[in-house]
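# Examination of the molecular architecture
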There are 4 protein chains.
Amino acid sequence: MAIEGRGDASAGRRIRLGMVGGGQGAFIGAVHRLAARMDDQYVFLAGALSADAKRARASGEELGLAPDRIYSDYREMAKAEAKRDDGVEAVSIVTPNNVHVPAAIAFIDAGIHVICDKPLAFSLAEAKGLERKLAKKPDIVFALTHNYSGYPMVRQAREMVRAGELGEIRVVQGEYPQDWLTNPIEREGQKQATWRTDPKQTGAGGAVGDIGTHTYQLACFMSGLAVDELAADLTTFVKGRKVDDNVNVMLRFKGGARGMIWASQVSPGNENGLKIRIYGSKGGLEWTQADPNYLWYTPFGETKRLITRGGAGSGTAAARVTRVPPGHPEGYLEGFANLYTEVARAIRAKREGRKVEEGVTFPGIADGVAGMAFIEACVKSSAKNGKWVKV
Amino acid sequence: MAIEGRGDASAGRRIRLGMVGGGQGAFIGAVHRLAARMDDQYVFLAGALSADAKRARASGEELGLAPDRIYSDYREMAKAEAKRDDGVEAVSIVTPNNVHVPAAIAFIDAGIHVICDKPLAFSLAEAKGLERKLAKKPDIVFALTHNYSGYPMVRQAREMVRAGELGEIRVVQGEYPQDWLTNPIEREGQKQATWRTDPKQTGAGGAVGDIGTHTYQLACFMSGLAVDELAADLTTFVKGRKVDDNVNVMLRFKGGARGMIWASQVSPGNENGLKIRIYGSKGGLEWTQADPNYLWYTPFGETKRLITRGGAGSGTAAARVTRVPPGHPEGYLEGFANLYTEVARAIRAKREGRKVEEGVTFPGIADGVAGMAFIEACVKSSAKNGKWVKV
Amino acid sequence: MAIEGRGDASAGRRIRLGMVGGGQGAFIGAVHRLAARMDDQYVFLAGALSADAKRARASGEELGLAPDRIYSDYREMAKAEAKRDDGVEAVSIVTPNNVHVPAAIAFIDAGIHVICDKPLAFSLAEAKGLERKLAKKPDIVFALTHNYSGYPMVRQAREMVRAGELGEIRVVQGEYPQDWLTNPIEREGQKQATWRTDPKQTGAGGAVGDIGTHTYQLACFMSGLAVDELAADLTTFVKGRKVDDNVNVMLRFKGGARGMIWASQVSPGNENGLKIRIYGSKGGLEWTQADPNYLWYTPFGETKRLITRGGAGSGTAAARVTRVPPGHPEGYLEGFANLYTEVARAIRAKREGRKVEEGVTFPGIADGVAGMAFIEACVKSSAKNGKWVKV
Amino acid sequence: MAIEGRGDASAGRRIRLGMVGGGQGAFIGAVHRLAARMDDQYVFLAGALSADAKRARASGEELGLAPDRIYSDYREMAKAEAKRDDGVEAVSIVTPNNVHVPAAIAFIDAGIHVICDKPLAFSLAEAKGLERKLAKKPDIVFALTHNYSGYPMVRQAREMVRAGELGEIRVVQGEYPQDWLTNPIEREGQKQATWRTDPKQTGAGGAVGDIGTHTYQLACFMSGLAVDELAADLTTFVKGRKVDDNVNVMLRFKGGARGMIWASQVSPGNENGLKIRIYGSKGGLEWTQADPNYLWYTPFGETKRLITRGGAGSGTAAARVTRVPPGHPEGYLEGFANLYTEVARAIRAKREGRKVEEGVTFPGIADGVAGMAFIEACVKSSAKNGKWVKV
């Protein structure tokens with residue numbers, strides 16, 4: 001092995017962490033806890049893991065929380081933790097979408113930093129309300145776990161675009177096919193499917209909110225571009241489903257670039273096929289989430305190159321979020337953990353009353369509002385038969 | 001090696017072939033001649049290889065044509081060949097688009113079968129004129145070389161969809177990125193670029209006509225679906241270029257399926273990236289032109305499979321157009337040759353006054369008209385800011 | 001997302017862990033600590049992180065160890081920890097090879113479980129000595145971190161072979177090319193290269209010990225076979241290097257199967273190219289470490305399948321060591337962590353005086369002795385010009 | 001499309017070709033005929049397509065041969081054709097191995113050029129006899145169809161090695177797994193299997209002769225190296241089979257490079273898995289026959305590159321044997337045809353009494369003798385339990 005590892009070097013300065021949601025039977029809560037733990041930057045101490053008191057208690061006990069720090073009401077938790085000397089400094093919100101903003105506000109008001117799952121909110125209006133609140137709370141760190149932006153090769157792509165290696169960006173293609181909603185499994189009580197297809201919990205968008213926002217955020221994050229307007233055609237293929245399960249979007253970026261997003265949850269053979277391709281006047285980049293350690297790069301007129309995480313051609317932005325040498329694959333959890341570790345750096349800067357160190361990057365409230373604006377623009381455009389809508 | 005070869009078994013019954021276009025400096029003419037020769041189904045005997053008499057002569061001599069069968073005017077050639085006992089039975093038209101229909105008409109009127117390069121015509125109106133003429137000439141075989149439909153795994157996909165293995169088709173995604181027009185090479189006199197970006201020779205569409213039509217034809221051919229309406233956003237990224245070089249289209253198929261087409265000639269790192277993906281209620285298929293011997297198939301809920309040309313799982317439609325055993329890759333020229341051999345079967349059936357044998361399949365006038373309708377719909381939709389246009 | 005996560009559910013019963021080696025500047029120590037932490041099964045409390053007292057102290061402080069639990073002598077550490085009520089229950093040994101066995105003995109004698117990096121020892125004799133000692137210490141859990149055996153798809157392969165899905169195994173091909181020792185970087189003081197090419201620290205084998213043993217262990221682990229005899233040709237390509245850097249081996253397995261191992265550290269373009277292929281009378285399997293979430297499976301006469309971690313066709317052995325749904329890649333650290341979590345289960349069974357639960361699997365002393373026997377057989381065979389040597 | 005085509009430009013100077021073997025039911029004969037035809041360099045006029053007179057006649061008629069040029073005895077054919085003014089100038093020998101040399105001698109004695117399938121002979125002694133004869137016949141062109149050496153990217157690799165881009169070659173790995181002989185299909189009368197596993201027709205080697213020689217020839221052709229000695233372990237896994245079906249070989253090249261060859265016909269999931277990897281002090285190359293348009297190249301310390309046929313980084317040696325632009329895949333038949341076209345250039349030079357033009361490259365008698373020496377060395381080494389044997 002050729003390069004030095006990275007990992008737990010900053011331990012001993014762990015951040016006290018709580019969680020809302022993520023009790024027994026949940027998926028993403030466990031991912032957040034693991035991500036928080038990976039680089040030894042956090043210690044998990046309190047939770048309102050379920051709104052059901054019994055399940056909250058069982059979940060908290062299983063995870064080894066002290067009995068007096070197991071809550072079933074996040075408002076109560078925010079207040080109680082704020083009063084303790086050893087109260088949590090940050091909270092992860094991993095509930096269905098409709099609870100994100102109310103919970104975030106409770107903790108922000110209690111002076112506690114927030115790490116929130118995506119999409120940010122139930123509606124764009126709600127998201128903007130949170131944005132206004134945060135504008136008045138400069139001491140609060142707010143992070144949104146668009147986790148794919150934590151992958152080293154995503155950072156590498158962004159750095160290359162910024163450095164002008166692709167020239168002027170012309171084309172950005174994003175896609176995110178899945179197949180797990182090919183059949184109406186929400187009717188069989190599959191928990192993930194049930195809330196994600198229930199407009200009361202998930203909001204107006206189905207696939208467009210769940211995976212379309214990831215694609216949109218990543219396309220913008222990697223290309224450095226913002227979307228000006230879009231035309232969308234949302235479809236629901238599974239009979240009786242209440243939200244879209246296939247999303248076609250055409251994009252016009254500010255500055256003239258063009259792009260498309262395809263997101264689908266009914267395309268058999270696709271597990272989690274997020275892919276971003278960016279083409280400019282001087283070169284092109286291609287990245288696929290399922291094989292995240294690779295970034296294809298072609299300087300126009302030269303041979304195609306395969307940049308690998310940690311390998312030759314991989315620069316400083318990727319190196320910051322790389323743990324092990326090239327050829328030793330990192331994956332989804334490492335990318336997720338990278339966001340947690342970046343946020344830890346920001347929180348520690350707040351603790352110490354200083355500016356955060358250069359290079360620390362994670363999605364925040366602006367990404368969250370942009371994501372909600374994307375969902376609403378897609379829904380609106382689709383309702384108007386694909387008319388172009390400003391984002 | 002495990003299976004029996006195929007190839008030249010029907011020789012001795014070769015079809016007499018002529019050509020319009022394809023003289024020195026051309027690209028696709030040589031491909032047509034090679035494709036005609038591969039399975040020993042044709043003998044090349046006459047040509048109007050260039051409108052320039054000197055170049056026509058030099059080209060014909062180089063290819064070993066008899067001096068009296070080298071022409072510079074295709075009308076003259078059609079008449080002269082029609083009079084000979086040993087005159088050509090079929091002609092390949094491999095000129096720029098604006099000559100396709102006039103040349104086809106000259107040979108059809110002379111009773112000679114036509115194999116025409118794509119797109120069919122300069123305009124939809126011209127294409128429909130040819131369609132009307134052909135409707136009155138039932139003895140003429142007319143083929144359009146949408147060559148990608150000759151690939152065995154494309155045939156395999158089509159057969160599987162037809163057999164219902166994918167269930168009801170929901171999503172069809174087509175893409176065709178290239179990069180060779182990233183810079184304005186038409187200004188440097190590159191011959192292929194010059195005519196393909198000149199609206200007087202190529203028609204109203206640039207990338208949409210050159211490669212968009214291939215994608216459209218193949219998406220319909222493989223899925224068995226027809227498009228009802230589309231919304232397009234055509235862009236010209238290279239300054240001064242007179243036609244589009246990047247094409248975004250959203251598709252609504254008859255019956256409810258949805259899809260998108262992306263065609264681009266300015267996306268660095270893509271040589272000839274034609275790809276078709278089809279998803280239904282029971283399974284999905286994915287095929288990539290650059291690796292044409294593979295077809296990915298996932299029956300929903302089962303493991304993804306890699307069907308290979310000639311291998312297990314490959315059926316009769318592919319076997320008809322397969323020459324060598326699995327693991328011995330066939331490519332672009334073999335696919336092209338498959339169309340020529342299919343057409344030879346149809347011509348021989350005409351010769352012998354019988355019905356063509358079952359399974360013979362090649363694109364014809366209907367595909368050509370559909371392609372022109374696609375181009376015009378895209379241009380129209382784009383001009384109307386992406387409004388949905390019936391095809 | 002389609003399946004339930006796994007992860008930290010057993011927390012609150014964490015195992016107290018120490019470490020020998022792994023101080024500042026080391027690579028694999030940080031990997032072990034991260035692997036221990038990932039599933040929240042361990043708490044890291046003490047270390048002899050370096051034999052250099054100053055470096056040991058600095059390293060321990062950085063990692064947040066209590067001052068009285070930072071040691072520079074592992075013997076002292078073993079004694080001191082054994083006396084404490086809250087002393088470590090297990091220790092990770094992550095030193096150069098020559099320290100493995102002496103350190104292991106110190107902790108075993110102190111009644112502390114051992115997790116040891118590979119290869120097991122400096123020599124086969126030393127390994128056998130440890131084996132004899134462990135035979136007398138049935139209450140000690142001893143694990144060897146042949147980490148690649150922790151990958152879910154490796155477990156999947158093993159389970160399929162065991163279930164007879166491949167029929168009688170005939171061919172097992174292992175390879176492990178790297179390129180990081182293409183140049184004599186040990187002369188430039190690169191720390192990893194220096195000790196790994198120093199026979200006094202690494203033992204008689206260079207590449208054969210460092211990566212050949214991984215390949216050998218995995219080939220046997222996945223195929224369920226044991227090697228009877230081997231013929232080896234070890235080469236040192238870089239002038240002045242004191243150990244082999246390219247390894248060619250032919251294998252004869254007990255029962256008649258044949259195989260080869262190629263391990264190289266001088267093959268440019270290979271980062272960490274471990275690959276195992278197994279072929280039997282009924283089917284074949286192929287697995288590549290750089291893309292660990294995929295397992296290729298071909299039942300003879302049928303279509304090739306791509307089994308994915310967590311996807312259809314993935315069985316119970318893989319599911320036990322899977323955290324996130326298919327399409328969300330897991331990697332090197334997750335595989336490493338799987339071993340730590342398996343060992344935690346074994347240690348907890350000892351704690352509770354019960355048998356370990358079914359299915360718990362990790363490499364131990366037998367693998368370690370086998371690995372040393374492999375190294376010595378290769379060195380011996382090569383010295384005798386490739387003569388077959390019993391393992 | 002970006003570059004000019006190539007193909008039939010030299011027609012009108014076609015070479016008159018005959019064939020021995022390749023009648024109805026054969027595989028490789030049709031491949032040779034198609035390869036000869038592809039670039040319009042040959043005209044097929046005569047054949048002893050079978051030793052069975054009836055089958056010879058039926059085969060010849062089907063292929064359109066004139067009745068007086070259909071033979072059942074190749075000696076008779078050689079004599080008769082030599083007497084005709086329009087007699088064949090060259091003959092393709094596509095029989096089982098035991099007929100290669102006797103047939104070649106008959107035609108050489110008649111002054112007719114020979115294109116012979118591989119392996120060259122039934123035994124090394126027989127091969128050397130042919131070599132001696134050819135040494136006295138400088139006007140005869142003799143080619144051996146190690147067809148894989150006709151692939152453009154194989155030529156590209158060879159050119160790069162020659163130009164020193166890999167530095168000093170250290171490691172050459174060749175492999176050629178197949179699976180079609182996993183079961184004893186020779187007992188079911190499968191024609192290809194029957195003669196290839198019959199030592200009376202195929203010679204002493206099974207897989208080692210059929211595909212081992214291809215691997216060996218290609219490894220030497222691409223690396224520019226010659227083998228000094230080898231150690232082999234040949235195995236027959238299918239009970240009752242009379243020749244080897246799995247081949248393990250360790251190689252020591254002149255000059256110090258090391259390598260291995262694995263050839264197998266019993267490895268399920270492998271169709272025709274020929275792969276060559278070459279590593280030197282400055283870089284590495286990897287090529288896979290199933291995806292022949294790609295060549296992986298890593299200059300040590302830089303990013304891995306994907307060189308494509310016709311694309312950037314592809315040089316003059318590949319360009320000579322390239323027909324269509326990058327992204328339009330060429331395959332097995334094109335590679336095969338490249339040899340035929342190269343041989344045509346050599347034959348035309350003989351016709352015209354001049355030296356052949358620079359760059360013309362095809363395998364000949366030396367490759368054939370080397371291949372037989374390889375087979376015999378493998379068989380001998382294996383019989384002596386893997387002892388090193390000079391080649």
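Overview of the structure.

Here is what the cut-offs are and how they apply
- Residues numbered from 1 in each chain as written.
- Chains lettered and ligands numbered in written order.
- Predicted model: local features only at pLDDT ≥ 70, side-chain atom pairs only at ≥ 80, totals over all residues.
- Heavy atoms only, no water.
- Helix = DSSP H or I, 4+ residues; strand = E, 2+ residues; numbered from the N terminus.
- Rg over C-alpha atoms; globule rule 2.2 N^0.38 Å.
- Buried < 20%, exposed > 50% of the residue type's maximum accessible area, 1.4 Å probe, protein only.
- Least-squares fit on C-alpha atoms with pLDDT ≥ 70 in both.
- Contact = heavy atoms within 4.5 Å.
- Pairing = 2+ DSSP bridges.
- Axes fitted to C-alpha atoms, helices over the stretch in contact; angles between N-to-C directions.
- Phe/Tyr/Trp six-rings, centres within 6.5 Å; stacked < 30°, edge-to-face > 60°.
- 1 Å grid on protein atoms, 1.4 Å probe; cavity = no way out; pocket = protein on both sides within 12 Å on 5 of 7 lines; lining within 4 Å.
- Points joined across faces, edges and corners; volume = space filled by probe spheres on them.
- Nonpolar A, V, L, I, M, F, W, Y, C, P; charged D, E, K, R; others polar.
- Buried area = accessible area lost by both parts, 1.4 Å probe.
- Salt bridge = Lys/Arg side-chain N within 4 Å of Asp/Glu carboxyl O.
- Polar contact = N/O pair within 3.5 Å; in protein donor to acceptor, adjacent residues only side chain to side chain.

## Points about the overall build of chain A
- When its secondary structure is counted, chain A shows twelve helices and 14 strands.
- Whereas a compact globule of 391 residues would reach a radius of gyration of roughly 21 Å, chain A reaches 21 Å, a difference of no more than 12%.
- The principal-axis extents of the C-alpha atoms in chain A amount to approximately 65 × 55 × 40 Å.
- Relative to its 391 residues, chain A shows a buried fraction of 66%.

## Observations concerning the relation of the copies chain A and chain C
- The transform that puts chain A on chain C rotates by 180° and translates by 0.0 Å along the axis, for an RMSD of 0.0 Å. Expressed as a symmetry operation, the mapping of one chain copy onto the other fits a two-fold axis.
- The fraction of interface residues of chain A whose copies in chain C are also interface residues reaches 100%, indicating that both copies meet through the same surface.

## Description of the sheet that holds strand β2 (residues 42-48) of chain C
Residues and elements named next belong to chain C.
- With parallel pairing, five strands are arranged side by side in an open sheet as β2-β1-β3-β4-β5. Only two strands of the sheet have a single partner each, and these edge strands are β2 and β5 (142-144). Neighbour to neighbour, the strand axes of the sheet diverge by 20° on average, direction disregarded.
- As defined by bridge partners, strand β1 (residues 15-20) adjoins strand β3 (residues 90-93) across four bridges and the pair is classed as parallel. Counterpart to L17 in the pairing with β3 is A90.
- Across the sheet, helix α11 (residues 332-351) lies against β1, β2, β3, β4 (113-116) and β5, angled at about 120° from β1, the strand it touches most.

## Quick look at the packing of aromatic side chains
Residue and element names in this part refer to chain B.
- If you walk through the whole model with that rule in mind, you get 34 aromatic pairs over all chains.
- For the pair Y42 and Y340, a centre-to-centre distance of 5.3 Å together with 80° between the ring planes defines the contact as edge-to-face. With Y42 in strand β2 (residues 42-48) and Y340 in helix α11 (residues 332-351), this residue pair connects regions lying 298 residues apart in the sequence.
- Judged by its relative accessible area of 5%, Y42 is buried.
- For the pair Y216 and F374, a centre-to-centre distance of 4.2 Å together with 20° between the ring planes defines the contact as stacked.

## Observations regarding empty space enclosed by the protein
- Scanning the model with the defined rule gives ten cavities of 30 Å³ or more in all.
- Around the largest cavity sit 14 residues that line it, and A:Q173, A:E175, A:R277, B:Q173 and B:E175 are the ones nearest its centre.
- Put simply, the parts of the chain that give the lining of the largest cavity at least two residues each are β6 (169-177), β9 (258-264) and β10 (275-280) of chain A together with β6 (169-177) and β9 (258-264) of chain B.
- Here the lining of the largest cavity is built from residues that sort into five nonpolar, four polar and five charged.

## What to know about the side chain of C:T341
All names here are of chain C.
- Looking at where T341 falls in the secondary structure, it is placed in helix α11.
- For T341, a relative accessible area of 4% gives the class buried.
- What T341 contacts, discounting residues up to four positions off in sequence, is D39 and Q41.

## Here we look at the environment of B:W388
- Position of B:W388 relative to the elements: it lies in the loop between α12 (365-383) and β14 (389-390).
- Among the residues examined, B:W388 registers a relative accessible area of 9% and is labelled buried.
- Separated by 159 residues in sequence, B:W388 and B:E229 place their C-alpha atoms 6.1 Å apart.
- Apart from residues lying up to four places away in sequence, B:W388 is in contact with A:D233, A:N385, A:G386, B:E229, B:L230, B:A231, B:M250, B:L251 and B:R252.

## Here we look at unusual backbone geometry
Residue and element names in this part refer to chain B.
- Cis peptide bonds are those with omega within 30 degrees of zero, and the linkage from K118 to P119 qualifies with -10°.
- Within the secondary structure layout, P119 lies in the loop between β4 (113-116) and α5 (124-135).
- Although it is not a glycine, N385 adopts a positive phi angle of roughly 60°.

## Some remarks on the interface of chain A and chain C
- Chain A puts 47 residues into the contact, and the matching count from chain C is 47 residues.
- Of the roughly 4,200 Å² buried at the junction of chain A and chain C (both faces included), carbon and sulfur atoms supply 53%.
- Linking chain A with chain C are two salt bridges.
- One salt bridge in this structure joins C:D40 and A:R37, with 3.8 Å as the shortest N-O distance.
- Taken together, the links from chain A to chain C amount to 15 residue pairs in polar contact (both at pLDDT 80 or more).
- Of all the secondary-structure elements, those providing two or more residues to the side of chain A that touches chain C are α1 (28-38) and α11 (332-351) of chain A.
- When residues in the side of chain A that touches chain C are grouped by element, the largest group, six residues, is from α1(A).
- Residue composition of the side of chain A that touches chain C, grouped by class: 24 nonpolar, eleven polar and twelve charged.

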